[in-house]
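# Architecture and fold: a report
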Number of protein chains: 2
Amino acid sequence: MTETHGKYDSGCPVAYALDILGDRWSLLIIRDMAVRGAQTYGALLEGWEGISTNILAQRLKQLEQDGIVSKTRDPENRRSFRYALTAKGRDLAPVIVELVLWSGKYNAADNAMTGLLEKIRVDRAAVEACIRAGKTP
Amino acid sequence: MTETHGKYDSGCPVAYALDILGDRWSLLIIRDMAVRGAQTYGALLEGWEGISTNILAQRLKQLEQDGIVSKTRDPENRRSFRYALTAKGRDLAPVIVELVLWSGKYNAADNAMTGLLEKIRVDRAAVEACIRAGKTP
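Being a predicted model, the structure only gives us computed values, none of them experimental. Sequence order as written defines the numbering, with residues in each chain counted from 1. For this description, chains carry letters from A and ligands carry numbers from 1, given in the order in which they are written. At least 70 in pLDDT is required for a residue's local features to be given in this predicted model, at least 80 for side-chain atom pairs to be given and counted, and no such filter applies to totals for whole chains, interfaces and linings, which use all residues.

### Observations concerning the relation of the copies chain A and chain B
Rule in force here: Least-squares superposition of the copies uses the C-alpha atoms of those residues scoring a pLDDT of at least 70 in each of them. A pair of residues counts as a contact when their C-beta atoms, built from backbone coordinates, are separated by no more than 7 Å.
Least-squares fitting of chain A to chain B yields an RMSD of 0.0 Å, with the transformation described by 0.0 Å of translation along the axis and a rotation of 180 degrees. The superposition of one copy onto the other is thereby described by a two-fold rotation axis. Taking C-alpha positions as reference, the residue of chain A nearest the rotation axis is Asp23 of chain A, located at 2.2 Å. Residue by residue, 100% of the interface of chain A is reproduced at the interface of chain B, so both copies engage with the same surface.

### Remarks on the interface of chain A and chain B
Stated precisely, the cut-off is as follows: Starting at the N terminus, helices and strands are each numbered in turn, a helix being any DSSP run of H or I of at least four residues and a strand any DSSP run of E of at least two. Under the grouping applied here, Gly and all other residues not named as nonpolar or charged are polar, the nonpolar ones being Ala, Val, Leu, Ile, Met, Phe, Trp, Tyr, Cys and Pro and the charged ones Asp, Glu, Lys and Arg.
Each side of the interface is counted separately: chain A has 41 residues, and chain B has 41 residues. Counting residues per element, the ones that place at least two in the side of chain A that touches chain B are α1 (2–5), α2 (13–21), α3 (26–34), α7 (93–106) and α8 (115–132) of chain A. The dominant element in the side of chain A that touches chain B, judged by the number of residues it contributes, is α7 of chain A, at eleven residues. Residue classes in the side of chain A that touches chain B are distributed as 24 nonpolar, eight polar and nine charged.

### Section: the domain arrangement of chain A
All names here are of chain A. Spelled out, the test is: Residue ranges for the domains originate in an automatic or database domain assignment.
Under the domain assignment used here, chain A contains domain 1 (1–86) and domain 2 (92–137). If you average the C-alpha positions of domain 1 and of domain 2, the two centres end up 19 Å apart. Residue-level contacts link eight residues of domain 1 with eight residues of domain 2. Mapped by element, the contributors of at least two residues to the side of domain 1 that touches domain 2 are α3 and β2 (77–85). Broken down by element, the residue count for the side of domain 1 that touches domain 2 peaks at three residues, all from α3.

### Some thoughts on the environment of Met33 of chain A
Residues and elements named next belong to chain A. The topology assignment puts Met33 in helix α3. C-alpha of Met33 to C-alpha of Val69: the two residues are 36 residues apart in sequence and 9.3 Å apart in space. With residues up to four places along the chain from it excluded, the contact list for Met33 reads Ala38, Tyr83, Ala84 and Leu85.

This is the structure we're talking about:
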């Protein structure tokens, strides 16, 4: 836990980003919100990569502290919470897009998903605009 | 070690990228080669964030296995090695650029470095072209 959120304090912008995103799960949680439209703890737990509930809870808390994710009570069910990306989180749209393009070029696995990649290749600006608007692309 | 390079096998391109880059150090090593022009183990060890020698050695080996970094004997000193980014590694240029732009927007720390950020804001394409050509921007 400390390893993933120690502070480099070097002042380098890449290090700043990795202080927040430099672990195996944070960007996948952000992807689940931005691309899969996950809004609840249960939906996030059912992601494609099988995140464990303790890691999800810890990462969500950290992402909230880092200003990437907001947590609000569900207006339709006051005992539940809704998770959403903040503007700071949605502004990661071009980072996600570039990671997808890079993987699309180099991932030769048979099971490589290409749905989002195709959308980005057709109209990258539209995909980024969707994510920035809080809509699934 | 296993934690940073287990395989998600979900087929998602974001997961593919994080299988290779999803830790606190890999992208900083890539930055040191792409932006600071580090070519030797010693130069990489003297990065801004104080990487330890055992983590550096492990990550370099993994980045070689993942096809991001090449390691060759120094022609001027056959007892030393030179490290360089492969085309796959240099193709991370736009990912680095987007991370720098995002951090430039949100990192309010007094010690935030702005040199590369300014260069990207002035001429993003030139910065990416430099990194892709294996030159420091």
